[in-house]
Amino acid sequence: QIHYATTRKDPEYIELKHKIATWRAQGKGVVMEGIENIGHLKAAKALNTSHAQGYHYSEALPFLDAVQWTRDLKTEQAKSIEAQQSRA
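Residues numbered from 1 in each chain as written. Predicted model: local features only at pLDDT ≥ 70, side-chain atom pairs only at ≥ 80, totals over all residues. Heavy atoms only, no water.

> Is there a simple way to explain the nonpolar core in this structure?
Nonpolar side chains tend toward joint burial in soluble globular proteins. Core analysis: the largest hydrophobic core is formed by eight residues, namely Tyr13, Ile20, Val30, Met32, Ile35, Leu41, Ala44 and Leu47. Elements represented by at least two residues in this core include exactly helix 1 (11-25) and helix 2 (38-46). With sequence-adjacent residues up to four places away left out, Val30 is seen in contact with Ile20, Trp23, Arg24, Thr49, Ser50 and His51. (Core = buried A, V, L, I, M, F, W, Y, C linked by side-chain atoms within 4.5 Å. Buried < 20%, exposed > 50% of the residue type's maximum accessible area, 1.4 Å probe, protein only. Helix = DSSP H or I, 4+ residues; strand = E, 2+ residues; numbered from the N terminus. Contact = heavy atoms within 4.5 Å.)

Spelled out as structure tokens, the structure:
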């Protein structure tokens, strides 16, 4: 586990970034867990993770609620894309 305050010069951070790059080069996805705020999300993006999860997005949900949450999110994303395309 890497603490978010770890700097980019720390050996643990460098090792993690290298491991993630290796996994991504092999076509594997990497999920960063524990994303609780925008700073955590920025750290996950800086490490080039493919997915992120945590309270920044939603609290833990029962399965059926998670399915509905995902459907609602996809609907909102589709509306956003549609709105952007209509402005173009």
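> Hey, could you run me through the environment of Tyr55 in this one?
Checked against the element boundaries, Tyr55 lands in the loop between strand 2 (51-53) and helix 3 (63-87). Given a relative accessible area of 57%, Tyr55 falls into the exposed group. For the pair Tyr55 and Asn37, spaced 18 residues apart in the sequence, the C-alpha separation amounts to 7.7 Å. Residues contacting Tyr55, with those up to four places away along its chain left out, are Ile35 and Ala60.

> What's the story with the pattern of salt bridges in this structure? I'm lost.
Proximity of charged atoms lets side chains of opposite charge pair with each other. On inspection of all chains with the given rule, the structure shows two salt bridges. Here Glu76 and Lys79 are joined by a salt bridge, their closest N and O atoms 3.9 Å apart. Of this pair, Glu76 and Lys79 both sit in helix 3, three residues apart, which is roughly one turn of that helix. (Salt bridge = Lys/Arg side-chain N within 4 Å of Asp/Glu carboxyl O.)

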